[in-house]
Amino acid sequence: MVPAGVQEEMLANGYLLRQGTVLGFTWKKHYWVLTANGSLHEFPSRSEPCPVASYFLPHCFVELVLSEDGLIHLSLHPRERGWFSTGAPTKLILKAEGGAAIHEWVVAIQRFVAERPP
């Protein structure tokens, strides 16, 4: 089953754990989808139709680091600073429950990694 909000071809999808932003020791398991057009959606569960967060990677400078302990560190820097943008990057720390899943996500996200970080 694909979340109702996702109509495009998926490059990667599955459950990932996201590190909490306030307390770094908390992890929340959410269902993530990366589409071919570069939309990265975070859903509370696979059956939930509305994402809790969405990021459009082509509008960001994407920095990706895979740490030795298997964590994906993503920094999403806005390409343009608009009315609602502070210019500060969005930072995500994600992990999967298996090494093969992490590799699939890294390969999919690398399509959108900026040649030069800001």
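Calculation notes
- Residues numbered from 1 in each chain as written.
- Predicted model: local features only at pLDDT ≥ 70, side-chain atom pairs only at ≥ 80, totals over all residues.
- Heavy atoms only, no water.
- Pairing = 2+ DSSP bridges.
- Helix = DSSP H or I, 4+ residues; strand = E, 2+ residues; numbered from the N terminus.
- Axes fitted to C-alpha atoms, helices over the stretch in contact; angles between N-to-C directions.
- Core = buried A, V, L, I, M, F, W, Y, C linked by side-chain atoms within 4.5 Å.
- Buried < 20%, exposed > 50% of the residue type's maximum accessible area, 1.4 Å probe, protein only.
- Contact = heavy atoms within 4.5 Å.
- Expected span 1.5 Å × (residues − 1).
- Arc of directions from axis to C-beta.
- Phe/Tyr/Trp six-rings, centres within 6.5 Å; stacked < 30°, edge-to-face > 60°.
- Lys NZ or Arg CZ within 6 Å of the ring centre and 35° of its normal.

(A) Main features of the sheet that holds strand β1 (residues 10-19). Spatially, β4-β3-β2-β1-β7-β6-β5 is the arrangement adopted by the seven strands of the open sheet, whose pairing is antiparallel. Strands with a single pairing partner mark the edges of an open sheet, and in this sheet they are β4 (53-56) and β5 (60-66). Adjacent strand axes in the sheet meet at a mean angle of 30 degrees when their direction is disregarded. Two elements, strand β3 (residues 39-43) and β4, share four bridges in a ladder whose sense is antiparallel. In the strand pairing of β4, H41 is matched with S54.

(B) Region of the structure containing the nonpolar core. Counting residues in each nonpolar core, the largest one holds 23 residues, and the members touching the most others are L74 and W105. At five residues, helix α1 (residues 99-110) tops the list of elements feeding residues into this core. Leave out the neighbours within four places in its chain, and W105 touches A12, N13, G14, L16, W32, V33, L34, L40 and I72.

(C) A look at the pairing of β1. Bridge count for β1 against strand β2 (residues 27-35) is nine bridges, and the pairing is antiparallel. Within β2, the position partnered with A12 by the bridge is L34.

(D) Highlighting α1. Helix length check: α1 (twelve residues) gives 17 Å between terminal C-alpha atoms against 16 Å at 1.5 Å per residue, within 8%. Within α1 the residues assigned to the buried category are I102, W105, V106, A108 and I109. All buried residues of α1 fall inside an arc of 165 degrees around its axis, so they share one side. Facing away from the buried side of α1 by over 90 degrees, the exposed positions are G99, A100 and H103. Elements in contact with the buried residues of α1: β1, β2, β3, β5, β6 (72-78) and β7 (90-95).

(E) The packing of aromatic side chains, seen in detail. Tallied over the entire structure, the rule returns one aromatic pair. Measuring from ring centre to ring centre gives 5.2 Å for Y15 and Y31, while their planes differ by 70 degrees; the resulting arrangement is edge-to-face. With a gap of 16 residues between them, Y15 in strand β1 and Y31 in strand β2 connect regions that are remote in the sequence. Looking at K29, its charged tip hangs above the ring of Y15, at a distance of 5.3 Å from the centre. The ring of W27 has K95 lying over it, and the distance from NZ or CZ to the ring centre is 4.3 Å.

(F) Representation of the environment of A96 in the model. The topology assignment puts A96 in the loop between β7 and α1. When the C-alpha atoms of A96 and I72 are compared, they prove to be 8.9 Å apart, with 24 residues separating the residues in sequence. Dropping the residues within four chain positions of it, A96 is found in contact with L16, A101 and I102.

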